[in-house]
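Here is what each chain is made of, one letter per residue.
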Amino acid sequence: MAAEPIAPLRGLRNLAILLAIWEVVGRLDLVAGGALPGITEILLRLWEDRGDYPRHVWATLAASGAGFVIGNFVAVAAGVLFALSPVALRLFRGVNIAVFALPPIAIAPILVLTLSGMAPRIVLAALGVYFVTMTATVIGLSQADSRATDLIRAYGGNRRDELRLVLFRGAMPSILAGLRVAAPNAVLGAILAEFGGGGRWGLGAYLLGSLGRGEPDRLWGIGLVATLIAGLSYGAFALLSRRVAGATRAVTLNSAIPDVSVQAGGPALRVALAGGTIALPFVLWWAFIRLTGVPDLIAKTPWGVVDYLFLAHTAETAQARLFAALAETLPITVLGMFAGLGFAFALAVSSRLAPRAIEAFMPVALITQTMPLVALTPLLVLILGRGPSLTLWVTISVTFFPAFVTLAQGLALVPRSAEDLPRAYGAGRWREIGMVTIPASLPYLFAATRLTVPRALLGVMIAEWLATGRGLGNLLNQSRGYLDYGMIWTVAAVSVLLSVVFYQAVVIVERRVLRRMGMATAE
Amino acid sequence: MPLSLNRRRFLGTTAAAGAAAALPWRAAHASTPFTMQAAWINDAEFAGYFIGIDEGYYAEEGLDLTYLPGGPDVIPESTIIAGRADLALTTPDTTIRAIVDQGAPFKIIGAQYQKNPIGVVSLASNPILSPADLVGKTLAVPPVNVISVNAMLQINGIDPSQVNIVPYAYDPTPLIRGEIDASLDFTTNVPYTISQQGVEAVSFLLYDFGFTIYNDTVVVTEEVLAEKRDLLVAWLRASRRGWNVNFEDPDLWPPRWADTWFDGTGRTIENELFFNNAQMPLMQHPDGYFAMSEDDIEANLSALGKVGIVGSRDMFDTTLLEEI
C-alpha cells in the first residue's frame, strides 16, 4: 500500500491512462475507421475554430441564463406555496410529475410551433430547472428547526414571519444545492432548442451547421465546450453555496415528488383534489395555447388531440399509426429501463469493489451526459449498427448517470456494522453485498428507478429519431415533415403521459414494498 | 412575357424614386414591414435574398424585410399560419398535403427551384446512378422524404420493400465509411462535403426519374394574398433581381458574406461556392426566376398524385408573377 499514491492522485493517474488510450485509439483511427478522433485532434480543432465560438457560447449562455432565472423564480415561488399549502402541493402533483417526466425532444417542436425568437430556448431551459429547484425548496422549507419557529410564534409572529426569519434561512443550503444541479440542465435545454429552432447563434445552431461536414473533431469540440459550460455552471453554484451556506450538502437530483396526505376534509375533498391533480396539467396546456394565441390548425388543445385521435375522419389512420409506433417503442423501452438500471447498479456495486477504476471512468461518464447524441450518431451506428443494440446503448447512456449517483449514495449509507456481520461469519465480498448492501439500499434502488423510468422513453425516442427510423421517435419526426400537427401534439402528449404512468407505477410498487419492509422513501 | 421583362429591366436601372414613380399607389420612401421564413439555416440556397437585402432591392420596393432562417424543428408553413411571417419557402409536397388534408389556406405564388435539388448521393466507388441500382442497398432518408422516395421507386417499377431505408441524421460520415450505400440530400451540397474527405461522390436527382416537383415553393396564406398583394409582387420582383445578380457571377457573392450571412454557420465558403454553382441550372427558367409554367405545374400535380397527394391547379396562383 505504501507505494500507492494517495487517493486524489490515483484518480488523476487513472484518468490520464484513460485519456492516453483514447488519444492512441483516436490517432490511429482504430474506432469505426476514424469516427472517434484523438483528444489532441479535438483540442487542435477547437483552437482552429476559436473564432467561431464566442458568439455561439454567448447566445447559449444568454438563453440558458434567462431560462435559469425564470425557471428558478417560478420554482422557488411554487416551492414556497407548496410548503405553506399542502392542498396546493396535492393539486399540483400531476403538473410536477409531468414536468419531471417530459421528454425534451417531444416538447422542443411544440415550443418552436407556438413561440418565437428566443422564447423556445428559454422555456426549455426553464423547464429543465423547475423540478430540481422546486423540490429542493420544499424539502429545505419543511426541514426547519421547530425550536426556532416556536420562538417566533411565542413572540407573536405569524406564518409569514416564520417564513421570512427562519424557514428561508434554513432552506438556503438546500435551495443552493438544487440550483447547482439545475444549472447544467438549463444549458442542455437551451442547446437542444437551438439545434431545432432556426436561430443563427448558439452552440446548438453551430452543431447543426457543422454536422453536414462529416468532421468528428469539430463535433467533439462542440460537445466538449457544452460539457465545459455545464460543468462550470455546476462549479459556480457549488462555490456560491460554500460561500453562502458555509457547507455543501451532497444533494443529488431528487426524484421524489414531495407529497402530503391531506388530513382535513372528508372523502369529498380528497376526491376533488385527486380529480384536480389529474385535470390541472390539461388545464395549463389549454391555457398555454389560449395565451399564445396560436391558431387551432397548428396548436392543439387537449380537446383538439382527442378530436384528432378519436373523432376526425382521419382518426382511424391516426390511431393505427400511433399504435404501430407504440408497439415498436414500448417493448424496447421496458428493456431499456432494465438495461439502464442494471448498468447503473453494476457501476455502483463496482464502485464499492473497485473504486479506482470507477473514479477514472467518471469524467468520461460526465461527457456522455452533455455530449449531444446527434453528434455521436455516426460513431454509434458505425460501431453498433441500427438495430436494438444501438437503441439499448443510447437508452443506457441517457439513463444510467443519475441512477448511478443515487445508487452509489445509497450503497455508501449502509451501516458499517451491518456489513461487518456477514464478514465476521466468513462471507465473501459478493455475499456481503447480496445479503446486506443491496437490501439495505432498497429505498435508493427505488429512487434510482424513478429517475430511470421516464428517461428510458426519452432514450429510445432519440435512438429511433436518429438511427433506427422506427416507433414513436420516427413518427414524431415524420409528422413534423408532413405538417401533421395533430400527430405532433399527440406524440408529445402520449410520451409525457407514458412517462408519468411509468413514474407513478414505480411509486406505487415502491410504497408497497418499502412499507412491507418497514423502510422510508429515499429523497 | 415582354411586359415583365421590361419592367424588371426598368426597375433594375432606376433608383428608389423611380420605383416609387412606377408604383404610384405606394408613398415614396415609406417602407412596410414584411417577414419571410426561409426553409433552412443560412447557406447558398438563399443567396438571392441576401443580395436583395444587402443591396437594398427590397428597400427600393418599399419593403422593410425581416429574414428568418429555418431549422429542423421549424415548419415554414407553421410560421405563416401563426402570422409570424408573411411568406415562407416550403416543399410543395408538404404544402399541398396540408391544403388537401387539413384545409390549410395556402397559395403557391412562385417556385425557387424548378427542379427539386433532392437526389440520391453515393460514392463513386459504389455508384448508384439510377433507382434500379438501389435494390438490395441501404439508403438513408430524412423521415420527411420517405414518401417521396417510395413514390420515385414505384414510378420506376421498384418495390420499396427491396430498399433498406434508414433515417438520415445530417452527417455524411456513415456514407463515407460505407455503413450505408447512399443517402438522400441536396445534390447541390453533400457531394462537396464528401469530396472534402478525399472521396468522390456521384448522384442522381429524383426529378430526373419521374418525381417532377419544385422545391422552395413561395407560399402565402390566402389572407396575406388578399391583403398584401402589392407587397408580395414587390418581394417577388426584388428577389428575382437578387437571383439575377447572384448568377451573373456565382463565385462573387459567397466570399463576401464570410463575416455576415455565413458567419459562424459552421460551414465553409468553398462549400457555399460549390452550392451556388450547382444550383444555377436547377433554378433557371426562360420566364425568369420563380416562374411556374402550366406544364411544370401539371408535372408537379401528377408526380404528387402518384404519392396519393391529390392537389389541383387552383393551389397555384401565377398571377403575381405576371405582375412583376
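About the cut-offs
Residues numbered from 1 in each chain as written. Chains lettered and ligands numbered in written order. Predicted model: local features only at pLDDT ≥ 70, side-chain atom pairs only at ≥ 80, totals over all residues. Heavy atoms only, no water. Helix = DSSP H or I, 4+ residues; strand = E, 2+ residues; numbered from the N terminus. Rg over C-alpha atoms; globule rule 2.2 N^0.38 Å. Contact = heavy atoms within 4.5 Å. Areas by Shrake-Rupley, 256 points an atom, 1.4 Å probe, with all protein chains shown as cover. Lys, Arg positive; Asp, Glu negative; His and termini not counted. Charge placed at Lys NZ, Arg CZ, Asp CG, Glu CD. Axes fitted to C-alpha atoms, helices over the stretch in contact; angles between N-to-C directions. Parallel < 35°, antiparallel > 145°, perpendicular 65-115°, else oblique. Left-handed = near helix turned anticlockwise from the far one by under 90°. Nonpolar A, V, L, I, M, F, W, Y, C, P; charged D, E, K, R; others polar. Pairing = 2+ DSSP bridges. Buried < 20%, exposed > 50% of the residue type's maximum accessible area, 1.4 Å probe, protein only. Buried area = accessible area lost by both parts, 1.4 Å probe. Salt bridge = Lys/Arg side-chain N within 4 Å of Asp/Glu carboxyl O. Polar contact = N/O pair within 3.5 Å; in protein donor to acceptor, adjacent residues only side chain to side chain. Phe/Tyr/Trp six-rings, centres within 6.5 Å; stacked < 30°, edge-to-face > 60°. Domains from an automatic or database assignment.

Participant: Describe in detail the overall build of chain B, supporting the description with residues and values.
Facilitator: In terms of helices and strands, chain B carries 15 helices and ten strands. Taken against the 2.2 N^0.38 rule, which gives 20 Å for 324 residues, the C-alpha radius of gyration of chain B at 20 Å falls within 12% of a compact globule. C-alpha extents for chain B along the principal axes are approximately 65 × 40 × 35 Å. Contacts in chain B between residues at least 24 apart in sequence constitute 81% of all its contacts with a sequence separation of at least 6. Here chain B has roughly 11,500 Å² of accessible surface; of this, 52% comes from carbon and sulfur atoms. Across chain B, the 19 positively charged side chains and the 41 negatively charged ones have centroids separated by 5 Å.

Participant: Break down the packing of helix H5 (residues 93-101) of chain A against helix H7 (residues 119-142) of chain A for me, with residues and values.
Facilitator: In a pair of packed helices, the angle between the axes and the distance between the axes together describe the arrangement. All names here are of chain A. The contact between H5 and H7 brings their axes to 9 Å, and the two run at 125°. As judged from the angle between their axes, H5 and H7 are oblique. Relative to H7, the crossing made by H5 is left-handed. Taken together, the residues of H7 that come into contact with H5 (itself represented by Asn-96, Val-99 and Phe-100) are Leu-127, Tyr-130, Phe-131 and Met-134. Residues belonging to the contact of H5 with H7 are distributed by class as follows: six nonpolar, one polar and no charged.

Participant: Account for the sheet that holds strand S2 (residues 63-68) of chain B, with residues named and values stated.
Facilitator: Across a sheet, paired strands are connected by hydrogen bonds in the backbone, their directions being either parallel or antiparallel. All names here are of chain B. Here five strands make up an open sheet; going across it, the order is S2-S1-S3-S10-S4 and the pairing mixed. The sheet is open, and its two borders are formed by S2 and strand S4 (106-113), each paired with just one other strand. The average undirected angle you get between the axes of adjacent strands in this sheet is 25°. As paired strands, strand S1 (residues 32-37) and strand S3 (residues 87-90) are joined by two bridges and run parallel to one another. By the bridge assignment for S3, Met-36 is matched with Leu-87. Strands S1, S2, S3 and S4 of the sheet are contacted by helix H3 (residues 47-54), whose axis makes an angle of about 140° with S2.

Participant: Tell me about the environment of Ile-278 of chain A, and please be specific about residues and values.
Facilitator: All names here are of chain A. In this fold, Ile-278 is placed in helix H12 (residues 267-292). The class of Ile-278 is exposed, set by a relative accessible area of 59%. The sequence separation of Ile-278 and Leu-347 amounts to 69 residues, and the corresponding C-alpha distance is 37 Å.

Participant: Describe the pairing of S2 of chain B, with residues and values.
Facilitator: Residue and element names in this part refer to chain B. Going residue by residue along S2, you find Leu-63, Leu-65 and Tyr-67 tucked away on one face and Asp-64, Thr-66 and Leu-68 left uncovered on the opposite face. Sheet analysis places S1 next to S2, joined by six bridges and oriented parallel. Across the sheet, residue Pro-33 finds its bridge partner in S2, namely Asp-64.

Participant: Before we move on, could you go through the pairing of S3 of chain B and cite the residues and values that matter?
Facilitator: Residues and elements named next belong to chain B. Judged by which residues are buried, S3 turns out to be covered on both faces: Leu-87 and Leu-89 on one side and Ala-88 and Thr-90 on the other are all buried. In this structure, S3 lies alongside strand S10 (residues 215-221), joined through three bridges in antiparallel fashion. From the neighbouring strand, Ala-88 faces S10, where its bridge partner is Val-219.

Participant: Any details on the interface of chain B and chain A? Residues and values, ideally.
Facilitator: Opposite the 48 residues of chain B that make contact, chain A presents 56 residues. A buried area of about 4,200 Å², summed over both sides, lies between chain B and chain A, and 59% of it is on carbon and sulfur atoms. Where chain B meets chain A, there are three salt bridges. Across the contact surface, chain B and chain A share 17 residue pairs in polar contact (both at pLDDT 80 or more). Looking at the side of chain B that touches chain A, the elements that each hand over two or more residues are helix H5 (76-81), helix H6 (92-102), helix H7 (146-155), strand S7 (164-167) and helix H8 (173-176) of chain B. If one sorts the elements of the side of chain B that touches chain A by residue count, H6 of chain B sits on top with four residues. Grouping the constituent residues of the side of chain B that touches chain A by class yields 25 nonpolar, 14 polar and nine charged.

Participant: Please give an account of the environment of Leu-19 of chain A that cites residues and values.
Facilitator: Residue placement: Leu-19 of chain A occurs in helix H1 (residues 7-27). Note: C-alpha distance between Leu-19 of chain A and Val-364 of chain A (345 residues apart in sequence) is 9.3 Å.

Participant: Tell me about the packing of aromatic side chains, residues and numbers included.
Facilitator: Residue and element names in this part refer to chain A. Across all of its chains, the model carries 31 aromatic pairs over all chains by this definition. Taking the centre distance of 5.0 Å and the plane angle of 50° together, the rings of Phe-68 and Phe-237 count as tilted. One end of the pair, Phe-68, is in helix H3 (residues 53-84); the other, Phe-237, is in helix H11 (residues 216-245), with 169 residues separating them in the sequence. A residue is classified by how much of its surface remains accessible, and Phe-68, at 14% relative accessible area, is buried.

Participant: Explain the sheet that holds strand S8 (residues 182-186) of chain B to me, and be specific about the residues and the numbers.
Facilitator: All names here are of chain B. The five strands lie next to each other as S7-S6-S8-S5-S9, forming an open sheet whose pairing is mixed. The open sheet has two edge strands, S7 and strand S9 (201-205), and neither has a second partner. Shown here is a sheet whose adjacent strand axes are inclined to one another by a mean of 35°, direction ignored. Two elements, strand S5 (residues 118-123) and S9, share five bridges in a ladder whose sense is antiparallel.

Participant: I'd like to hear about the pattern of salt bridges, residue by residue, with values.
Facilitator: On inspection of all chains with the given rule, the structure shows 25 salt bridges over all chains. A salt bridge links Arg-480 of chain A to Asp-73 of chain B; its shortest N-O distance comes to 2.0 Å. Remark: Asp-73 of chain B occurs in the loop between S2 and H5 and Arg-480 of chain A occurs in helix H21 (residues 471-481); the pair is interchain, linking two chains. Note on Asp-73 of chain B: relative accessible area 8%, which makes it buried. Of the charged contacts in the structure, one is a salt bridge between Arg-313 of chain B and Glu-294 of chain B, with a shortest N-O distance of 2.7 Å. In this pair, Arg-313 of chain B is assigned in the loop between helix H14 (294-306) and helix H15 (319-323) and Glu-294 of chain B in helix H14, connecting sequence segments 19 residues apart. We classify Arg-313 of chain B as partly exposed; its relative accessible area is 30%.

Participant: Got a sec to walk through the domain arrangement of chain B? Specific residues and values, please.
Facilitator: As a measure of interface size, the accessible area lost when the parts come together is often cited. Residues and elements named next belong to chain B. Looking at chain B, the domain boundaries give domain 1 (2-114 + 213-323) and domain 2 (118-209). Each of domain 1 and domain 2 was reduced to a C-alpha centroid, and the two centroids are 28 Å apart. Counting from both sides, the interface comprises 21 residues of domain 1 and, opposite them, 15 residues of domain 2. The contact between domain 1 and domain 2 buries some 1,500 Å² in all, and 65% of this surface belongs to carbon and sulfur atoms. Across the contact surface, domain 1 and domain 2 share zero salt bridges. Linking domain 1 with domain 2 are two residue pairs in polar contact (both at pLDDT 80 or more). Contributing elements (two or more residues each) for the side of domain 1 that touches domain 2: H6, helix H13 (269-283) and H14. Considering every element that reaches the side of domain 1 that touches domain 2, the biggest residue donor is H13, with seven residues.

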